Amino acid sequence: MENVGAQKLMLPALTPTKLWKQTNRFDDNKTELFEVHDRHKKNYILSPTYEETICDLIASTGTLSPKILPLKLYQISNKWRDEMKPRLGFFRSREFVMKDLYTFDASLDDAKKTYELICEAYDNIFKQIGISYVKAIGDTGSIGGLMSHEYHYKCEVGDDTICMCSSCQYAINKTVCKESHCPECNSTFLEQNTAEVGHAFLLDTKYTEPLKAQCHIQNKHVPSVMGCFGLGLSRILTVMAETLSTEDELRWPKNLAPYTVCIIPPKAGSKEEIAAQYIDKIVEILNQLNIDAILDDRTYLTIGNRFKHSCLTGYPYIIVIGKTATNSPPTFEVHNINDSSKSDLSLEAIHGYFNAENIKS
């Protein structure tokens, strides 16, 4: 978000109900809203989204100058939605964490350029996470606007269906798909269960006009043209755990794991304890490669016990300093948990192994 010039802020959890009535969204979404009342009998909702709130903030500061456009404001915060059937932890819950970005431009053409810029930033975020994703033409739904794009992970327990073209990678949400063939190449669509983890909307003036979030253009006060963009942070983590993990192992993408490598030294008092001398050398190798690591120094536990705990925690790589580390020359077990492989490597080979894996913290 900083790379695209966005500024971070924090919006209030409580949104006055009157703002949602001004945009005609209150009655259409009432069943999913948590309503509260203060001591003065004023009505609020726990914010399920913040379009009205951000527009009210912009309107309260006065008319936007062209010099500060495009304006990009984002937050990472909680949201609340009275789901009919909450399930699978954060997958579909009543309270969740999202990264929201709201943009304001002087014209629709400018807003389209900003929209493309933010979508490119989202593409980069999902590429950095490292798990294959689908970007699809989306349903504008209750948020509305001129167009939208959704980001999905393939997931059997997902509650979305995407129509995908295997030839040209064109994708569209089934709810807005009107054809059985891809309009780009005329190939037959294939359907795929997915979980939505991100969404982008080009809103035009749907919210800025009724809430008077204006900018000053050619001596006129006109409604700003708006875009909104969301990443479901708790949803991303839930889908990752659901799709990558096994019954005995919690698996994370390397860039989302709590630490990349867990080092397990010998148990205290064991025959292998002498091999603990190699801990510092292994840590030094990982530091040279800028790889973050954690040492499981609970040496009162067996190696096997700590290895099991490490698998349940979700470290992508585990280095065991065990029986073979007492050999001459010593070797060490390097486990790649995400592909269930194991290598017995010397100290020099450990450097080459992780360098070839191209892991950077």
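Let me sum up the structure you'll find in this document. Keep in mind it's a predicted model, so treat the numbers as computed, not measured. (Residues numbered from 1 in each chain as written. Predicted model: local features only at pLDDT ≥ 70, side-chain atom pairs only at ≥ 80, totals over all residues. Heavy atoms only, no water.)

### Re the overall build of the protein
Here's step 1: On a plain count of helices and strands, the protein comes out with 9 helices and 19 strands.
Here's step 2: When the 361 residues of the protein are sorted by exposure, 44% land in the buried category.
Here's step 3: Of the roughly 18,400 Å² of accessible surface on the protein, a fraction of 49% belongs to carbon and sulfur atoms.
Here's step 4: For the protein, the distance from the average position of its 39 positive side-chain charges to the average position of its 46 negative side-chain charges is 4 Å. (Helix = DSSP H or I, 4+ residues; strand = E, 2+ residues; numbered from the N terminus. Buried < 20%, exposed > 50% of the residue type's maximum accessible area, 1.4 Å probe, protein only. Areas by Shrake-Rupley, 256 points an atom, 1.4 Å probe, with all protein chains shown as cover. Lys, Arg positive; Asp, Glu negative; His and termini not counted. Charge placed at Lys NZ, Arg CZ, Asp CG, Glu CD.)

### With respect to the packing of aromatic side chains
Here's step 1: According to the stated counting rule, one finds 12 aromatic pairs in the structure shown.
Here's step 2: Taken together through their ring pairs, the aromatic side chains of Tyr 115, Tyr 122, Phe 126, Tyr 133, Tyr 151, Tyr 153 and Phe 229 make up a single cluster.
Here's step 3: The positively charged end of Lys 21 is found above the aromatic ring belonging to Phe 26, 5.3 Å away from the centroid. (Phe/Tyr/Trp six-rings, centres within 6.5 Å; stacked < 30°, edge-to-face > 60°. Lys NZ or Arg CZ within 6 Å of the ring centre and 35° of its normal.)

### Concerning the layout of surface pockets
Here's step 1: Taken as a whole, the largest pocket holds about 990 Å³ of empty space.
Here's step 2: Along the walls of the largest pocket sit 42 residues, with Arg 81, Arg 92, Ile 143, Glu 196 and His 199 positioned nearest its centre.
Here's step 3: Of all elements in the fold, only strand 6 (95-105), strand 11 (189-204), strand 14 (225-232) and helix 6 (233-244) reach the threshold of two or more residues within the lining of the largest pocket.
Here's step 4: Here the lining of the largest pocket is composed, by residue class, of 15 nonpolar, 13 polar and 14 charged.
Here's step 5: The space that makes up the second largest pocket amounts to roughly 310 Å³. (1 Å grid on protein atoms, 1.4 Å probe; cavity = no way out; pocket = protein on both sides within 12 Å on 5 of 7 lines; lining within 4 Å. Points joined across faces, edges and corners; volume = space filled by probe spheres on them. Nonpolar A, V, L, I, M, F, W, Y, C, P; charged D, E, K, R; others polar.)

### With respect to the pairing of strand 9 (residues 160-165)
Here's step 1: Within strand 9, 5 of the 6 residues are buried, leaving the element largely enclosed by the surrounding structure.
Here's step 2: Bridge count between strand 9 and strand 11: 6 bridges; the pairing is antiparallel. Residue pairing across strands places Met 164 opposite Leu 190, the latter belonging to strand 11.
Here's step 3: Bridge analysis of strand 9 against strand 10 (residues 171-173) gives 3 bridges, and the strand direction is antiparallel. Bridge pairing in strand 10 places Met 164 opposite Ala 171. (Pairing = 2+ DSSP bridges.)

### Notes on the sheet that holds strand 3 (residues 35-37)
Here's step 1: One open sheet accounts for 3 strands, arranged 2-4-3; its pairing is antiparallel. Every interior strand has two partners, whereas the edge strands, strand 2 (14-16) and strand 3, have only one. Averaged over all adjacent pairs, the angle separating strand axes in this sheet is 40°, with direction ignored.
Here's step 2: With 3 bridges connecting them, strand 3 and strand 4 (residues 43-46) associate as antiparallel partners. Looking at the pairing, His 37 lines up with Asn 43 of strand 4. (Axes fitted to C-alpha atoms, helices over the stretch in contact; angles between N-to-C directions.)

### Quick notes on the pairing of strand 12 (residues 214-217)
Here's step 1: Note that strand 12 and strand 13 (residues 220-223) share 4 bridges and pair antiparallel. Looking across to strand 13, one finds that Cys 215 is bridged to Val 222.
Here's step 2: Connecting strand 12 to the next strand, strand 13, in antiparallel fashion are 2 residues, including Gln 218 with a positive phi near 50°.

### Observations regarding the sheet that holds strand 16 (residues 293-295)
Here's step 1: Taken together, the 5 strands give an open sheet; going across it, the order is 16-15-17-18-19, and neighbouring strands pair in mixed fashion. A strand with exactly one partner marks an edge of an open sheet, and here the two such strands are strand 16 and strand 19 (341-345). Sheet twist, expressed as the average angle between the axes of neighbouring strands with direction ignored, equals 20°.
Here's step 2: As paired strands, strand 15 (residues 261-264) and strand 17 (residues 317-320) are joined by 4 bridges and run parallel to one another. Bridge assignment links Cys 262 to a residue of strand 17, and that residue is Ile 318.

### A word on the pattern of salt bridges
Here's step 1: Taken as a whole and judged by the stated rule, the model has 10 salt bridges.
Here's step 2: The partner of Glu 249 in a salt bridge is Arg 251, and the shortest N-O contact between them spans 2.7 Å.
Here's step 3: Looking at Glu 249, the relative accessible area reads 19%, which means it is buried.
Here's step 4: One continuous salt-bridge network, built from bridges that share partners, spans Arg 25, Glu 51 and Glu 52. (Salt bridge = Lys/Arg side-chain N within 4 Å of Asp/Glu carboxyl O.)

### What about the state of the cysteines?
Here's step 1: Considering all chains together, one arrives at 0 disulfides under this definition.
Here's step 2: Not part of a disulfide, Cys 262 finds its nearest cysteine sulfur in Cys 311, a span of 9.3 Å.
Here's step 3: When its relative accessible area of 5% is taken as the criterion, Cys 311 is described as buried. (Disulfide = S-S within 2.5 Å.)

### A closer look at unusual backbone geometry
Here's step 1: The omega torsion of the bond from Leu 69 to Pro 70 falls at -5°, within 30 degrees of zero and hence cis.
Here's step 2: With respect to the helices, strands and loops of the structure, Pro 70 is situated in the loop between helix 3 (51-60) and strand 5 (71-80).
Here's step 3: The omega angle of the peptide bond from Ser 328 to Pro 329 is 0°, so this bond is cis rather than trans.
Here's step 4: For Pro 329, the location among the structural elements is in the loop between strand 17 and strand 18 (332-336).
Here's step 5: Located in the positive-phi region is Lys 41, a residue other than glycine, with phi close to 70°.
Here's step 6: One can find Lys 41 in the loop between strand 3 and strand 4.
Here's step 7: In this structure, Gln 169 is a non-glycine residue whose phi angle is positive, near 65°.
Here's step 8: Looking at the element boundaries, Gln 169 is found in the loop between strand 9 and strand 10.

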